[in-house]
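Take a look at the letters that make up each chain.
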Amino acid sequence: MEIPRRVRFPSALASGALVLALTGCSLFGDASEPGPSPSPSPEEASPAGGAAAGFVRPEDPYAGVDAELSERLHLPVYDYRLDVYEEYVVNRAVSTLIVECLVDLGYEASVNSDTRMDLLRMRAFGPQREYRRYGNTRIDIAEEHGFGLPAEDRGDPAYRIGGDADLRAQAETAVSGGEEGAETPSGEPVPEGGCMTRARRQIDPDSSMPFETTENGAPADVPTSHGLADDLLMESFFAAMEDPGVIAATAAWEECMAGRVDGYHGTPMSGEGAAGETAVPSVECKGSSGYLDAFVGAERDILDGLVAEHEEALTERRDRLRENLETSLEILGW
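Keep in mind that what you see is a predicted model, and the values were worked out from it rather than measured.

Enquirer: How should I be thinking about the overall build of the protein chain in this particular structure?
Expert: When its secondary structure is counted, the protein chain shows 13 helices and two strands. Buried residues in the protein chain amount to 50% of all 334 residues. A separation of at least 24 residues holds for 82% of the contacts in the protein chain among residues at least 6 apart in sequence. Surface accessibility of the protein chain: about 15,000 Å² in total, with carbon and sulfur atoms responsible for 50%.

Enquirer: Looking at this model, I keep getting lost on a nonpolar patch on the surface. Mind explaining?
Expert: Together, Met-234, Phe-238 and Met-241 line one region of the surface with nonpolar side chains, adding up to about 260 Å² of accessible area. Within the secondary structure layout, Phe-238 lies in helix α9 (residues 227–241). On the accessibility criterion, Phe-238 (44% relative accessible area) is partly exposed.

Enquirer: Even after reading the chapter, I still don't get α9, so can you show me in this structure?
Expert: Because each turn of an α-helix spans 3.6 residues, side chains separated by three or four positions in sequence point in the same direction. The first and last C-alpha atoms of α9 sit 22 Å apart over 15 residues, in line with the 21 Å expected at 1.5 Å per residue. Those residues of α9 that sit buried are Ala-229, Asp-230, Leu-232, Leu-233, Ser-236, Phe-237 and Ala-240. For α9, the angular spread of the buried residues around the axis is 160°, confining them to a single face.

Enquirer: I tried to follow the state of the cysteines on my own but got confused; where do I start?
Expert: Linking two cysteines covalently via their sulfur atoms produces the bond known as a disulfide. Under the counting rule described, the total for this entry stands at two disulfides. Cys-101 shares a disulfide with Cys-195; S-S distance 2.1 Å. Linking Cys-101 and Cys-195, the disulfide has an S-S dihedral of approximately -65° and is accordingly described as left-handed. With Cys-101 in helix α4 (residues 84–104) and Cys-195 in helix α8 (residues 194–203), this pair connects stretches of sequence that are 94 residues apart. With a relative accessible area of 0%, Cys-195 lands in the buried category. Taken in sequence order, the bonded cysteines of the protein chain link in the pattern 1-2, 3-4.

Enquirer: Sorry, what's going on with the environment of Ala-239 here?
Expert: Note on placement: Ala-239 falls in helix α9. Given the relative accessible area of 34%, Ala-239 is considered partly exposed. Taking the C-alpha atoms as reference points, Ala-239 and Ile-302, separated by 63 residues in sequence, lie 7.8 Å from one another.

Enquirer: Got a minute to help me understand unusual backbone geometry in this structure?
Expert: Working note: non-glycine residues mostly have negative phi, and peptide bonds are mostly trans. With a phi close to 60°, Arg-129 is a non-glycine residue in the positive phi region. Among the structural elements, Arg-129 can be located in the loop between α5 (119–125) and α6 (139–145). Its relative accessible area of 4% is what places Arg-129 among the buried residues. In this structure, Phe-211 is a non-glycine residue whose phi angle is positive, near 65°. With respect to the secondary-structure elements, Phe-211 resides in the loop between α8 and α9.

Enquirer: Can you walk me through the packing of aromatic side chains in this structure?
Expert: Each pair of aromatic rings is reported with the distance of its centres and the angle of its planes. Enumeration according to the criterion identifies six aromatic pairs in this entry. Here Trp-253 and Tyr-264 contribute two aromatic rings whose centre-to-centre distance is 5.9 Å and whose plane-to-plane angle is 70°, an arrangement assigned as edge-to-face. Here Trp-253 is found in helix α10 (residues 244–260), whereas its partner Tyr-264 is found in the loop between α10 and α11 (279–288), with eleven residues between them in sequence. Taken as a pair, Trp-253 and Tyr-264 share a single burial class, namely buried. What links up through ring pairs into an aromatic cluster is the set Tyr-134, Phe-237, Phe-238, Tyr-291 and Phe-295. Above the plane of the ring of Phe-55 lies Arg-92, whose end atom (NZ or CZ) is 5.7 Å from the centre. Positioned over the ring face of Tyr-88 is Arg-92, at 5.0 Å from the centre of the ring.

Enquirer: Explain helix α12 (residues 291–309) to me, please; I cannot follow it from the model alone.
Expert: The end-to-end C-alpha separation of α12 is 28 Å, in line with the 27 Å expected for 19 residues at 1.5 Å each. At Leu-303, α12 is deflected by roughly 25°, the largest bend along its length. Of the positions making up α12, those classed as buried are Tyr-291, Leu-292, Phe-295, Val-296, Ala-298, Glu-299, Leu-303, Leu-306 and Val-307. Here the buried face of α12 lies against α3 (67–72), α9, α10, α11 and α13 (311–332).

The rules behind these values
Residues numbered from 1 in each chain as written. Predicted model: local features only at pLDDT ≥ 70, side-chain atom pairs only at ≥ 80, totals over all residues. Heavy atoms only, no water. Helix = DSSP H or I, 4+ residues; strand = E, 2+ residues; numbered from the N terminus. Buried < 20%, exposed > 50% of the residue type's maximum accessible area, 1.4 Å probe, protein only. Contact = heavy atoms within 4.5 Å. Areas by Shrake-Rupley, 256 points an atom, 1.4 Å probe, with all protein chains shown as cover. Patch = residues over 30% accessible without salt bridge, like charges linked within 9 Å, V, L, I, M, F, W, Y side chains within 5 Å. Salt bridge = Lys/Arg side-chain N within 4 Å of Asp/Glu carboxyl O. Expected span 1.5 Å × (residues − 1). Arc of directions from axis to C-beta. Disulfide = S-S within 2.5 Å. Phe/Tyr/Trp six-rings, centres within 6.5 Å; stacked < 30°, edge-to-face > 60°. Lys NZ or Arg CZ within 6 Å of the ring centre and 35° of its normal. Bend = angle between axes of the 7 residues up to and from the residue.

Read these as geometric descriptors, not functional statements.
The following block contains the structure:
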């Protein structure tokens, strides 16, 4: 099967919503598995039944993306991470493998064919969630939703569990790790770390156990994540806030807003408490004041040094993520 080449815009796709970008969280749910064994071949990893056929591949996951804006907001670390669609692919493969695990344990489970990628949120956040890293940067979203976001349009949950209440509760426990020695309908033991960890490690052998954290308390890497890249993005963001050019541009944005909206007290990052109709001026002033270009430019300068310092580790994890994506596409039959 031909694996589609990664979709790229002019130079690369950018990052995301401030909170999501700084915490390394995904827009879409995740799932996982344990196992020190090497990555299985696609034939070994793909479920035997028709579970993989349950998820529908988005026809155009990048519909609505503003390629020019993504290029303008691009940061070099984005080249080392999966984008929102790629995360979705891997998470659906994990869901498929969780269902396979549950069925092997004797539970009633199936993927939810109604699950869909939320293209509206892709449009609002961007492939790397770059459209919200500095507050809203899309005028069309500001026109339609003010400071808010489009309502989520997903067919959650990604899989369904059947049976009576007790069996469903047991199955849900088996997903997250279960109790040691717990009985299952098939008599097979729950894998270490549960079906989630088992599924994740079928895709990425180095995936963490559920809820495992790193030394600094951040979530440990799973098949979709790049903790180091996220850490560097957090470091560059807060360092850029202290950049003299960004401070001057922030003042220019405030002056612009004062001339557009009487009594406005928001910030470039947030319009909390402000009237929705002030969202468009907020976005427009980010452009005319030079705020966006100043912030992105400061982050790029900082990240150029950080990327050079961590090039080997960034590249190693990036290559692993590319392998995870290819394996996931094979599992899904996409």
